[in-house]
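# Descriptive structure summary
This is what each chain is made of:
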Amino acid sequence: QVQLVESGGGLVQAGDSLRLSCAASGRTFSTLFLAWFRQAPGKEREFVAVISRSGSNTNYADSVEDRFTISRDDNKNLVFLQMNSLKPEDTAVYYCAANWGAGLFEFSTSYPYWGQGTQVTVSS
């Protein structure tokens, strides 16, 4: 079992930055690959970013490429999503997801473990 708890969401203006954090417990963190997804009202959950268990490989959705950065701190069992140049269309609930093994999957069905989500609202 893996428990995930997100934090760091909030209300910001367009162009601002936010850093989301996700704390993981319950399994050796270094065995996990981790991802961020988001879900806007009335829309399906969509992939945002993923990081490999080594931290050396990442992948991003086209819509956030060059603005968002995913990273991990294995000493603190944390994964981060640094979000810069935020846009109103980034408004959503952001979820942290995890699975163990080797992967950089973009499909939500690849992740059995999810956090409760943190709200990000970007005003224009």
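Look above for the structure.
In this report, the structure presented in the accompanying data block is examined. Just so we're clear, the structure is a prediction, and the values are computed from it rather than from any experiment. Counting of residues starts from 1 at the beginning of each chain's written sequence and follows it residue by residue. The predicted nature of this model means local features are confined to residues of pLDDT at least 70 and side-chain atom pairs, given and counted, to a pLDDT of 80 or more, with totals for whole chains, interfaces and linings taken over all residues. Think of the side-chain values as coming from all heavy atoms in the structure, minus any hydrogens and water.

### Topic: unusual backbone geometry
- Not every positive phi belongs to a glycine, and Asn77 is a case in point at roughly 55°.
- Within the fold, Asn77 resides in the loop between β7 (68–73) and β8 (78–83).
- Burial here depends on accessible area, computed with a 1.4 Å probe over protein chains only, as a share of the maximum for the residue type. Under 20% is buried, over 50% is exposed, and the range in between is partly exposed. For Asn77, a relative accessible area of 25% translates into the label partly exposed.
- In the Ramachandran plot, Ser85 falls in the positive-phi region, its phi being about 50° despite a non-glycine side chain.
- Numbering of helices and strands runs from the N terminus, with a helix taken as a DSSP run of H or I at least four residues long and a strand as a DSSP run of E at least two residues long. Within the secondary structure, Ser85 sits in the loop between β8 and β9 (92–100).
- What makes Ser85 partly exposed here is its relative accessible area of 42%.

### Focus on the packing of aromatic side chains
- Ring pairs shown here join Phe, Tyr and Trp side chains whose ring centres sit within 6.5 Å, with only the six-membered ring taken for Trp; geometry is labelled stacked below 30 degrees between planes, edge-to-face above 60, and tilted in between. Taken as a whole and assessed by the stated rule, the structure comprises 8 aromatic pairs.
- Ring geometry for Phe37 versus Phe47: centroids 5.8 Å apart, planes at 75°, classification edge-to-face. Separated by 10 residues along the polypeptide, Phe37 in strand β4 (residues 32–39) and Phe47 in strand β5 (residues 46–51) bring together distant segments of the chain.
- A relative accessible area of 1% places Phe37 in the buried class.

### Concerning the pairing of β4
- In terms of burial, β4 is largely enclosed, as 7 of its 8 residues are buried.
- Where β4 and β9 come together, 8 bridges link them in antiparallel fashion. Its bridge partner lying in β9, Gln39 is registered against Val93.
- Relative to β5, β4 is paired through 5 bridges, and the arrangement is antiparallel. By the bridge assignment, Arg38 is partnered in β5 with Glu46.
- Strand pairing follows a simple DSSP-based rule, namely that at least 2 bridges must link the two strands. Between β4 and β5, which pair antiparallel in sequence order, lie 6 residues; one of them, Gly42, sits at a positive phi of approximately 75°.

### Re the state of the cysteines
- The term disulfide is used for any two cysteine sulfur atoms that are within 2.5 Å. All chains considered together, the criterion is met by 1 disulfide.
- The residue that forms a disulfide with Cys22 is Cys96, at a sulfur-sulfur distance of 2.2 Å. Taking the sign of the torsion about the S-S bond as the criterion, the disulfide between Cys22 and Cys96, at about -85°, is left-handed. With Cys22 in strand β3 (residues 18–25) and Cys96 in strand β9, this residue pair connects regions lying 74 residues apart in the sequence.
- Since its relative accessible area comes to 1%, Cys22 is described here as buried.

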